[in-house]
Amino acid sequence: MKSKRQEQIYQMIQEEGHVKIRDLSEKFEVSEMTIHRDLKLLMEQGLVKKIFGGVQLQEVSNKIQQKQCTYCHKPISNEGKLTYQLILSANRIERTCCAHCGILRHKQLGEVVLQALCHDFMTNTTISATTAWFVMDTSLQMGCCEPQVLTFGNKDHAEKFVKGFDGTVLRFEEAAERVTEAMQAGCCSKQK
């Protein structure tokens, strides 16, 4: 069971993607050794990993054997650039083929979701879905579920992408609302 400080540390790491041990020590007014002890449980649970001078979200895609989307049941490509991962209680992980399905499944599961991860479309690095920027209505077709949703860790990158390929830049809640509305209107490629 996580302590309140461990939960706050984990939340900070989710929001930032990575945090320095020194910064955590200063924020919580405890020694760096205490922070290392707090991180031990999070590392044992496979949620974070230590990096030089800090800690970051654990890349979980290597541990996932799932071959099809938990929402639309399409096959999931091996390169994983569009995938969306949901980390649930009891060390369960679900994976969807794209952010479109990931957002819908995320909303379906609600508070059962401890963390959601996706890939930055520009850099292919793992980012927190709840703090990501989402691009919808772009002219670039990736061949996944409609309306297509692309994820970016940086708002500036998303806006520059939209200048070249059209679309709208949205936050998580706005994207979830738009995808849900599209689903209700029956324009999605696969309905569940």
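Right above here is the structure, for reference.
Residues numbered from 1 in each chain as written. Predicted model: local features only at pLDDT ≥ 70, side-chain atom pairs only at ≥ 80, totals over all residues. Heavy atoms only, no water.

1. Thoughts on the packing of helix H2 (residues 21-28) against helix H3 (residues 32-44)
For step 1, the next point in the chain: Contact pair H2 / H3: the axes reach a minimum separation of 9 Å and the direction vectors enclose 105°. Put simply, H2 runs roughly perpendicular to H3. On H3, the residues touching Ile21, Arg22, Leu24, Ser25 and Phe28 of H2 are Glu32, Ile35, His36 and Leu39.
For step 2, the next point in the chain: Class assignment for the residues of the contact of H2 with H3 results in five nonpolar, two polar and two charged. (Axes fitted to C-alpha atoms, helices over the stretch in contact; angles between N-to-C directions. Helix = DSSP H or I, 4+ residues; strand = E, 2+ residues; numbered from the N terminus. Parallel < 35°, antiparallel > 145°, perpendicular 65-115°, else oblique. Contact = heavy atoms within 4.5 Å. Nonpolar A, V, L, I, M, F, W, Y, C, P; charged D, E, K, R; others polar.)

2. A few points about the environment of glutamate 7
For step 1, the next point in the chain: With respect to the helices and strands, glutamate 7 occurs in helix H1 (residues 4-16).
For step 2, the next point in the chain: Take glutamate 7: its relative accessible area is 44%, and that puts it in the partly exposed class.
For step 3, the next point in the chain: The sequence separation of glutamate 7 and aspartate 38 amounts to 31 residues, and the corresponding C-alpha distance is 9.4 Å. (Buried < 20%, exposed > 50% of the residue type's maximum accessible area, 1.4 Å probe, protein only.)

3. Comments concerning the packing of aromatic side chains
For step 1, the next point in the chain: In total, this model carries five aromatic pairs according to the counting rule given.
For step 2, the next point in the chain: Both rings, one in phenylalanine 121 and one in phenylalanine 161, keep their centres 5.5 Å apart while their planes meet at 75°; by these two values the pair is edge-to-face. In this pair, phenylalanine 121 sits in the loop between strand E6 (113-119) and strand E7 (126-128) while phenylalanine 161 sits in helix H5 (residues 155-165), placing the two residues 40 residues apart along the sequence.
For step 3, the next point in the chain: By relative accessible area, which is 11% here, phenylalanine 121 ends up buried.
For step 4, the next point in the chain: In this structure an aromatic cluster arises from ring pairing among Phe121, Phe152, Phe161 and Phe165. (Phe/Tyr/Trp six-rings, centres within 6.5 Å; stacked < 30°, edge-to-face > 60°.)

Purely geometric stuff here, so don't read any function into it on its own.
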